[in-house]
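Report on the structure
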Amino acid sequence: MERGGLVYILTNKSNAVLYTGVTSDIAYRIWQHKNHVYPNSFTSKYNCEKLVYYCFYPTIEEAIDAEKRIKAGSRLAKIKLIESLNPQWKDLYDEINI
């Protein structure tokens, strides 16, 4: 059985820093970011705890390809992507943590 994957973007309280990641377990992965499980990581260093974008893909390989495209894009492209789903930049964690 194949598992899908998700691409996600996190930011900090002031929306100044953007982090793009990929996972097959979004609720657990975001919980790790919010709880600074890896204290020396980029997201811990810059307090990226707010989930502002996510998108599901049928396979993890497709999600990884999408993550690479997003990371290669400009900050403006990332902002447009976020605002297409989440114009208020609210934390979507509660939406996915059901």
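Residues numbered from 1 in each chain as written. Predicted model: local features only at pLDDT ≥ 70, side-chain atom pairs only at ≥ 80, totals over all residues. Heavy atoms only, no water.

Structural notes on unusual backbone geometry
Where we set the bar: Each helix corresponds to a stretch of at least 4 residues labelled H or I by DSSP, and each strand to a stretch of at least 2 residues labelled E; elements are numbered beginning at the N terminus. The rule is simple: take the accessible area with a 1.4 Å probe, protein chains only, and divide by the maximum for that residue type; under 20% is buried, over 50% is exposed, in between is partly exposed.
Within the chain, Asn 15 stands out as a residue other than glycine whose phi angle is a positive 60°. The topology assignment puts Asn 15 in the loop between strand 1 (5-11) and strand 2 (18-23). We classify Asn 15 as partly exposed; its relative accessible area is 22%. Located in the positive-phi region is Trp 89, a residue other than glycine, with phi close to 55°. Checked against the element boundaries, Trp 89 lands in the loop between helix 4 (75-85) and helix 5 (93-96). Judged by relative accessible area, Trp 89 falls into the buried class, the value being 9%.

Focus on the pattern of salt bridges
Here is the rule we go by: A pair is scored as a salt bridge if a Lys or Arg side-chain nitrogen falls within 4 Å of a carboxyl oxygen belonging to Asp or Glu.
By the definition in use, this model includes 2 salt bridges. A salt bridge links Asp 91 to Lys 34; its shortest N-O distance comes to 2.7 Å. With Asp 91 in the loop between helix 4 and helix 5 and Lys 34 in helix 1 (residues 26-34), the pair connects residues that are 57 residues apart, well separated along the chain. With a relative accessible area of 33%, Asp 91 lands in the partly exposed category. Under the relative-accessibility criterion, Lys 34 is labelled partly exposed at 23%. A salt bridge links Glu 67 to Lys 71, with the shortest nitrogen-to-oxygen separation between them at 3.2 Å. Within this pair, Glu 67 and its partner Lys 71 are both found in helix 3 (residues 60-72), separated by 4 residues, close to a single helical turn. Residue Glu 67 is classed as buried on the basis of its relative accessible area, which comes to 11%. Judged by relative accessible area, which is 47%, Lys 71 ranks as partly exposed.

Shape descriptors only; they carry no functional weight alone.
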